[in-house]
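Working through the structure, step by step
Chain by chain, the residues:
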Amino acid sequence: MSDHEYTPKSKFGKWFNDRLPLLTLASHLTDYPTPKNLNYWWTFGGILTFCLITQIVTGLVLAMHYIAHADMAFDSVEHIMRDVNYGWLIRYIHANGASMFFLAVYIHIFRSLFYGSYKSPREVIWIIGIIIYLLMMAAAFLGYVLPWGQMSFWGATVITNLFSAIPLVGEGIVTWLWGGYSVDNPTLTRFFTLHYLIPFLILGLVVLHIWALHVPGNNNPVGIDIKKPSKDTVPFHPYIVIKDGFALLMFMIVFAFFVFYTPNILGHADNYIEANPLVTPAHIVPEWYLLPFYAILRSVPDKLLGVVAMLSAILILAALPWLDTSKIRSAVFRPLYRQFYWILVADVLILGYVGAMPAEGLYLLVARVATAYYFLHFLVVLPILGYKEKTLPVPLSITEPVLGGSPNLALAKNKEKLEVK
Amino acid sequence: MSEKKTKRRDFLFTATYAVGAVGAAAVVWPMIDQMNPDASVKALASTEVDISSMNPGKTITVLWRGKPVFIRRRTQEEIAEAKAVNLNDLKHPEKDEDRAKNPEWLVMLGVCTHLGCVPLDQKGDYNGWFCPCHGSHYDISGRIRKGPAPTNMEIPEYKFVNNNTIKIG
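Residues numbered from 1 in each chain as written. Chains lettered and ligands numbered in written order. Predicted model: local features only at pLDDT ≥ 70, side-chain atom pairs only at ≥ 80, totals over all residues. Heavy atoms only, no water.

**What about the sheet that holds strand 5 (residues 120-123) of chain B?**
Residue and element names in this part refer to chain B.
- Strand order across the open sheet formed by 4 strands is 5-6-7-8, with antiparallel pairing between neighbours. Of all strands in the sheet, those with a lone pairing partner are strand 5 and strand 8 (144-146), marking the two edges. Between one strand and the next, the sheet's axes are offset by a mean angle of 40°, whatever the strand orientation. (Pairing = 2+ DSSP bridges. Helix = DSSP H or I, 4+ residues; strand = E, 2+ residues; numbered from the N terminus. Axes fitted to C-alpha atoms, helices over the stretch in contact; angles between N-to-C directions.)

**Some points on the pattern of salt bridges**
Residues and elements named next belong to chain B.
- Under the definition given, this model contains 14 salt bridges over all chains.
- For arginine 99, the salt bridge is made with glutamate 94, and the minimal N-O distance between the two is 2.8 Å.
- The exposure class of arginine 99 is buried, given its relative accessible area of 2%.
- We note a salt bridge from aspartate 139 to arginine 143, for which the minimum N-O separation is 3.1 Å. (Salt bridge = Lys/Arg side-chain N within 4 Å of Asp/Glu carboxyl O. Buried < 20%, exposed > 50% of the residue type's maximum accessible area, 1.4 Å probe, protein only.)

**Quick look at the packing of aromatic side chains**
All names here are of chain A.
- According to the stated counting rule, one finds 35 aromatic pairs over all chains in the structure shown.
- An angle of 50° between the planes, with centres 5.2 Å apart, marks the rings of tyrosine 66 and phenylalanine 192 as tilted. Within this pair, whereas tyrosine 66 is found in the loop between helix 3 (44-63) and helix 4 (73-82), its partner phenylalanine 192 is found in helix 9 (residues 185-214), the two being separated by 126 residues in sequence.
- Note on tyrosine 66: relative accessible area 12%, which makes it buried.
- Through a chain of ring-to-ring contacts, three or more aromatic side chains come together here, namely Trp42, Phe110, Phe114, Tyr115, Tyr337, Tyr341 and Trp342.
- Stacked on the ring of tryptophan 42, the Lys or Arg arginine 111 has its end atom at 4.5 Å from the ring centre. (Phe/Tyr/Trp six-rings, centres within 6.5 Å; stacked < 30°, edge-to-face > 60°. Lys NZ or Arg CZ within 6 Å of the ring centre and 35° of its normal.)

**Let's talk about the pairing of strand 3 (residues 67-73) of chain B**
Residue and element names in this part refer to chain B.
- Burial analysis of strand 3 places 5 of its 7 residues in the buried class, the great majority of the element.
- Looking at chain direction, strand 2 (residues 58-64) and strand 3 are connected through 7 bridges and run antiparallel. Across the sheet, residue isoleucine 60 finds its bridge partner in strand 3, namely isoleucine 71.
- In sequence, strand 2 turns back onto strand 3 through a hairpin of 2 residues, with arginine 65 there showing a positive phi of about 50°.
- Where strand 3 and strand 4 (residues 105-109) come together, 5 bridges link them in antiparallel fashion. Within strand 4, the residue paired with arginine 72 across the bridge is leucine 106.

**Quick notes on the state of the cysteines**
Residues and elements named next belong to chain B.
- By the definition in use, this model includes 1 disulfide over all chains.
- Paired through a disulfide, cysteine 117 and cysteine 133 show a sulfur-sulfur distance of 2.0 Å. Looking along the S-S bond of the cysteine 117-cysteine 133 disulfide, the torsion reads about -100°, which is the left-handed sense. Residue cysteine 117 is found in the loop between strand 4 and strand 5, and its partner cysteine 133 is found in the loop between strand 6 (128-131) and strand 7 (136-138); the two are separated by 16 residues along the sequence. The residues cysteine 117 and cysteine 133 share a single accessibility class, namely buried.
- As a non-bridged cysteine, cysteine 131 has cysteine 112 as the owner of its nearest cysteine sulfur, 3.8 Å distant. (Disulfide = S-S within 2.5 Å.)

**Overview of the interface of chain A and chain B**
- Across the boundary between the two partners, chain A contributes 26 residues, which contact 27 residues of chain B.
- Approximately 2300 Å² of surface area, both sides summed, lies buried where chain A meets chain B, with 64% of it carried by carbon and sulfur atoms.
- Where chain A meets chain B, there are 9 residue pairs in polar contact (both at pLDDT 80 or more).
- When residues of the side of chain A that touches chain B are traced back to their parent elements, those giving at least two are helix 7 (150-161), helix 8 (170-178), helix 9 and helix 11 (291-299) of chain A.
- Ranked by residue count, the leading element in the side of chain A that touches chain B is helix 7 of chain A, at 4 residues.
- Tallied by class, residues from the side of chain A that touches chain B come to 15 nonpolar, 8 polar and 3 charged. (Contact = heavy atoms within 4.5 Å. Buried area = accessible area lost by both parts, 1.4 Å probe. Polar contact = N/O pair within 3.5 Å; in protein donor to acceptor, adjacent residues only side chain to side chain. Nonpolar A, V, L, I, M, F, W, Y, C, P; charged D, E, K, R; others polar.)

**Quick look at the confidence of the model for chain A**
- Confidence in the prediction of chain A, expressed as mean pLDDT, is 92, and 94% of residues score 70 or more.
- Within chain A, helix 17 (residues 409-420) of chain A has the poorest average pLDDT of any element, 55, and helix 3 of chain A the best, 98. (pLDDT = per-residue confidence, 0-100.)

**Some thoughts on the nonpolar core**
- Phe102, Leu113, Tyr133, Trp148, Phe293, Tyr374 and Phe378 of chain A are the most contacted members of the largest nonpolar core, which has 128 residues in total.
- In terms of residue count, the dominant contributor to this core is helix 5 (residues 87-115) of chain A (15 residues).
- For leucine 113 of chain A, the residues in contact, after removing those within four places along its chain, are Tyr118, Trp126, Leu320, Tyr337, Tyr341 and Leu344 of chain A.
- With 14 residues, the next largest nonpolar core counts Val62, Trp64, Val69 and Leu109 of chain B among its residues. (Core = buried A, V, L, I, M, F, W, Y, C linked by side-chain atoms within 4.5 Å.)

**Quick word on unusual backbone geometry**
Residue and element names in this part refer to chain A.
- In the segment running from serine 120 into proline 121, the intervening peptide bond is cis, with an omega of 5°.
- The residue after histidine 237, namely proline 238, is reached through a cis peptide bond having omega 5°.
- Take proline 238: it is sitting in helix 10 (residues 236-261).
- In the Ramachandran plot, tyrosine 86 falls in the positive-phi region, its phi being about 60° despite a non-glycine side chain.
- In this structure tyrosine 86 comes out as exposed when scored by relative accessible area, which is 58%.

**Focus: helix 10 of chain A**
- In this model helix 10 of chain A runs 35 Å from its N-terminal to its C-terminal C-alpha over 26 residues, within 8% of the 38 Å that 1.5 Å per residue would give.
- For helix 10 of chain A, the secondary structure elements touched by its buried residues are strand 1 (33-35), helix 3, helix 5 and strand 2 (233-235) of chain A. (Expected span 1.5 Å × (residues − 1).)

**Here's the deal with the side chain of serine 164 of chain A**
All names here are of chain A.
- Positionally, serine 164 belongs in the loop between helix 7 and helix 8.
- You can call serine 164 buried: its relative accessible area is 10%.
- A distance of 2.6 Å separates a polar atom in the side chain of serine 164 from the backbone oxygen of asparagine 161.

Right, here's the structure in full:
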């Protein structure tokens with residue numbers, strides 16, 4: 001993997017490395033040449049790794065006190081909150097950690113969208129990322145069911161019922177998922193098992209995600225291919241380690257704010273009422289990070305098509321490297337794409353907002369327009385833009401615009417002219 | 001190498017794959033089927049309900065197989081209203097007579113056919129039920145009239161054991 005051969009200094013190190021080249025791997029990771037113009041939007045990979053580890057560690061501890069049984073789950077969560085030493089802290093970190101995880105992953109995804117990181121030769125990194133994102137949503141949903149509150153129960157009912165939209169076998173699949181004729185104890189125990197399993201699947205995929213990243217190397221804000229190692233790169237350690245570490249500290253401040261000052265603001269009060277199969281809460285809303293997709297589901301008046309639209313909204317991302325026909329990666333050099341990018345960001349935020357509102361009247365209308373635009377962006381705007389857009393000239397190296405004072409070559413040249421005058 | 005020997009080997013490969021596939025399926029099926037409803041869940045398949053104290057216009061909700069069942073003793077006006085509906089106006093055309101054997105008693109699964117929420121009683125645009133989750137409106141016969149639900153609320157198997165008791169399931 002590394003461009004240079006590594007030889008450990010100590011005799012023991014050499015002996016060990018000849019048998020298991022862990023030190024070669026460590027050397028590759030520390031020396032890994034990284035573009036020197038990476039901005040703070042590139043620090044979210046490290047932040048996400050931190051989020052995953054946090055969820056695994058706090059989850060492991062919670063599992064020591066939680067009881068996965070329909071009659072006891074709700075009480076065992078309250079037992080964690082009131083009786084277990086620091087149980088409140090661990091549970092609040094885990095619950096808010098899920099939200100922080102999604103916050104970071106959305107920034108990470110939209111960074112890719114802006115700088116074209118999903119384009120050749122990084123399609124496989126991108127697709128692995130989408131699979132991780134899907135697994136994250138599954139883990140978040142399963143985890144939300146475990147406290148066995150009203151939102152847990154009815155969220156589980158609504159989401160599992162999505163499968164009943166499948167023609168012919170749908171009802172059978174739902175019964176199979178439930179292990180009964182409604183969401184009940186068998187559902188809870190299997191959800192707990194799967195919730196425990198998924199983080200480790202994600203961990204494995206993260207290794208593949210990083211491995212695939214280390215083959216072509218990082219994309220960068222200018223979006224050009226660079227020589228590695230060269231004047232355009234710096235070693236991962238200490239440069240990126242320090243930068244990632246600083247960003248992580250900033251992120252942890254936000255994280256800690258939620259945990260210590262508003263630990264329940266991202267949840268729903270209804271989930272502090274024990275699950276009751278006879279009463280549906282007046283207003284069922286998923287967690288904030290699923291709202292845009294929920295809005296898409298509700299905006300389609302047909303059950304099967306609604307489910308299809310919601311799934312397509314996620315899966316369409318996997319096809320993005322081929323839907324975006326532009327050869328230029330970074331939006332910095334794509335004046336039109338840059339505008340459509342921000343419209344998409346606004347569109348997703350609007351979908352998230354209407355997803356939290358009742359599905360009627362003006363909200364429904366807005367949700368429908370925003371849903372249509374979401375698909376339009378990926379299926380029409382991006383393919384056409386690659387052919388029609390007049391892109392700006394791209395610099396030949398990272399150093400060039402940096403020395404010119406702007407990542408934009410044209411601007412840099414202009415500036416030089418002005419200076420000459 | 002004679003041609004015959006190669007063929008013999010091909011046969012062995014194919015046979016091995018086939019036996020392997022059957023073996024794998026035989027192991028996978030128990031792993032899948034264990035998630036289906038077990039014997040103890042299936043054993044709780046029927047419920048008897050005492051309806052002697054119900055007056056016209058009253059709805060009760062009982063639990064059957066973990067799901068709510070609505071039992072409504074309908075008023076004469078409601079029965080008339082349910083029967084007067086033109087079948088062409090319905091998304092899922094069903095006569096009221098087919099849904100309520102005894103028109104005074106409507107017995108149905110209180111589960112929205114959209115995504116499984118419990119609809120609210122005497123709400124919505126059609127004087128029947130309204131699902132708060134995604135806005136499906138049902139009429140006084142439990143038929144879908146407006147909203148995303150694809151079908152009418154389901155009628156479970158039930159019978160009148162005597163004048164005061166309904167057995168569901």
